[in-house]
Amino acid sequence: AQSVTQLDSHVSVSEGTPVLLRCNYSSSYSPSLFWYVQHPNKGLQLLLKYTSAATLVKGINGFEAEFKKSETSFHLTKPSAHMSDAAEYFCVVSEALGTGTASKLTFGTGTRLQVTL
Amino acid sequence: NAGVTQTPKFRVLKTGQSMTLLCAQDMNHEYMYWYRQDPGMGLRLIHYSVGEGTTAKGEVPDGYNVSRLKKQNFLLGLESAAPSQTSVYFCASSYWIGARWTPLHFGNGTRLTVT
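These numbers come from a predicted model, not from an experiment.

Parameters at a glance
Residues numbered from 1 in each chain as written. Chains lettered and ligands numbered in written order. Predicted model: local features only at pLDDT ≥ 70, side-chain atom pairs only at ≥ 80, totals over all residues. Heavy atoms only, no water. Helix = DSSP H or I, 4+ residues; strand = E, 2+ residues; numbered from the N terminus. Buried < 20%, exposed > 50% of the residue type's maximum accessible area, 1.4 Å probe, protein only.

Draft legend 1. Examining unusual backbone geometry more closely. Residue B:Thr7 is joined to B:Pro8 through a cis peptide bond whose omega torsion reads -5 degrees. Looking at where B:Pro8 falls in the secondary structure, it is placed in the loop between strand S1 (4-7) and strand S2 (10-13). A positive phi angle, near 45 degrees, is found at A:Thr72, a position not held by glycine. Its place among the elements puts A:Thr72 in the loop between strand S8 (64-68) and strand S9 (73-78). On the basis of relative accessibility, which here comes to 32%, the residue A:Thr72 falls in the partly exposed class. Phi at B:Asn28 takes a positive value of approximately 60 degrees, unusual for a residue other than glycine. In this structure, B:Asn28 sits in the loop between strand S3 (19-25) and strand S4 (31-37). Assessed through its relative accessible area of 55%, B:Asn28 is described here as exposed.

Given below as structure tokens:
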């Protein structure tokens, strides 16, 4: 069975400083991995995805993540935080649901990013 | 192109009442999903559908029923609401291409409170 662990429930950074949100996963197969962002009272928006191509994945709004199979990690980074980055971030791993083609996403419990002046 | 639309946005129910949450998508996606989001637990899959007329159970299906009579709509029903069903419910959709699933597109959620 697959699982996702987000190592920090809350991260606080100053505007202009780097962001690191940590994620470890376990999966029996070659996983697809995603990071989603959720702003207050909104749905989830895809930041970036890893699907067995390049291990360094670039996403929207300057975020990127590196897939490290040896460490089973998929940490999210951004060089310089902006106030608008304050939100909750979810690391997600996907696998097949039965013999069909629907995907089951397993979500981490989320990391709330706070950005201060 | 509205994407995934959920109605209603908010609802308060009394224990034992019933209701239906509606999810509509205009992207012609085959797969649709209902998730619930609770503090500290991420999102958990309730039910999902791989196409019109088909539904299947996710990891937390008890107390819920679903129907997918039309490709664009996925309904989530609570027959007898319980306080444990107080949550934020998200609908999502996706499709299959190139041997991979596309990322899920999410609606903005329905906040349900059961008193």
